[in-house]
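This is what each chain is made of:
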Amino acid sequence: MEFRYRYKVKASDIWQVRMYYAYASYTAVINIVCIISSIVLLLTMWKSAETWFRLLMIIFFSLFTVIQPLLIYLSCRKQIKERSSGSGGGEGDPGEMELVFNEKGLEITAGGKNEKHPWKDIIAVTVRPTLVVVYTGADRGYILTNRVLSDTRKGFLDFVREKRKGSGAGRGA
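Please read these numbers as outputs of a predicted model, since none were measured by experiment.

A. Local environment of the sheet that holds strand S1 (residues 3–7). Read from one edge to the other, the open sheet built from four strands follows the order S1-S2-S3-S4, with strand pairing classed as antiparallel. Edge positions in the sheet fall to S1 and strand S4 (113–118), since each has one partner strand and no second. Neighbour to neighbour, the strand axes of the sheet diverge by 10° on average, direction disregarded. Looking at chain direction, strand S3 (residues 105–110) and S4 are connected through six bridges and run antiparallel. When the bridges of S4 are listed, Ile108 appears paired with Glu115.

B. Inspection of the pattern of salt bridges at higher detail. Per the counting criterion, the structure on display carries twelve salt bridges. Note that Arg6 and Glu98 form a salt bridge whose closest N and O atoms lie 3.6 Å from each other. Here Arg6 is found in strand S1, whereas its partner Glu98 is found in strand S2 (residues 97–101), with 92 residues between them in sequence. Residue class for Arg6 comes out exposed when judged on its relative accessible area of 53%. A relative accessible area of 13% means that Glu98 is categorised as buried. We note a salt bridge from Lys154 to Asp158, for which the minimum N-O separation is 3.0 Å. One end of the pair is Lys154 and the other is Asp158, both in helix H5 (residues 153–167) and four residues apart, which spans about a single turn. Overall, the relative accessible area of 62% leaves Lys154 in the exposed class.

Calculation criteria
Residues numbered from 1 in each chain as written. Predicted model: local features only at pLDDT ≥ 70, side-chain atom pairs only at ≥ 80, totals over all residues. Heavy atoms only, no water. Pairing = 2+ DSSP bridges. Helix = DSSP H or I, 4+ residues; strand = E, 2+ residues; numbered from the N terminus. Axes fitted to C-alpha atoms, helices over the stretch in contact; angles between N-to-C directions. Salt bridge = Lys/Arg side-chain N within 4 Å of Asp/Glu carboxyl O. Buried < 20%, exposed > 50% of the residue type's maximum accessible area, 1.4 Å probe, protein only.

All quantities given are derived from atomic positions and should not be read as evidence of function.
Written out as structure tokens, the structure is:
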């Protein structure tokens, strides 16, 4: 059995990963408390507040619901742009990449380069409602969004779970 995916990573893909991690970490507690606090402030003090304080409450609410996600997205766009120009200190933009998951493991073809990772070297697979991230190193992962997985998501996840279980691999799917 083999699963083959050809795609180009978009800023929105990286943004999804970063937002999931932002709301699955200790930062999430702070964000959620601030969002709830801002809603309570808005509801309880709106009528009696002066204009400048109303503006301040709206900004406080917007920080965590609009501004933070927007800044993260802009950072992701910058990251993609830097990779495209090769000025980000990385290897440059590989353009379209192809990931092939087969009985042996994961094969990656990008930017004219090939990598192979046996199942035992896949250290984690993170499954979220809109994406799957396959990690081949502490700071190296491959994002497969539902857009890429399409109608193969369930079969792909079953395949990955089976192969990782048999390889004695680490955490995740």
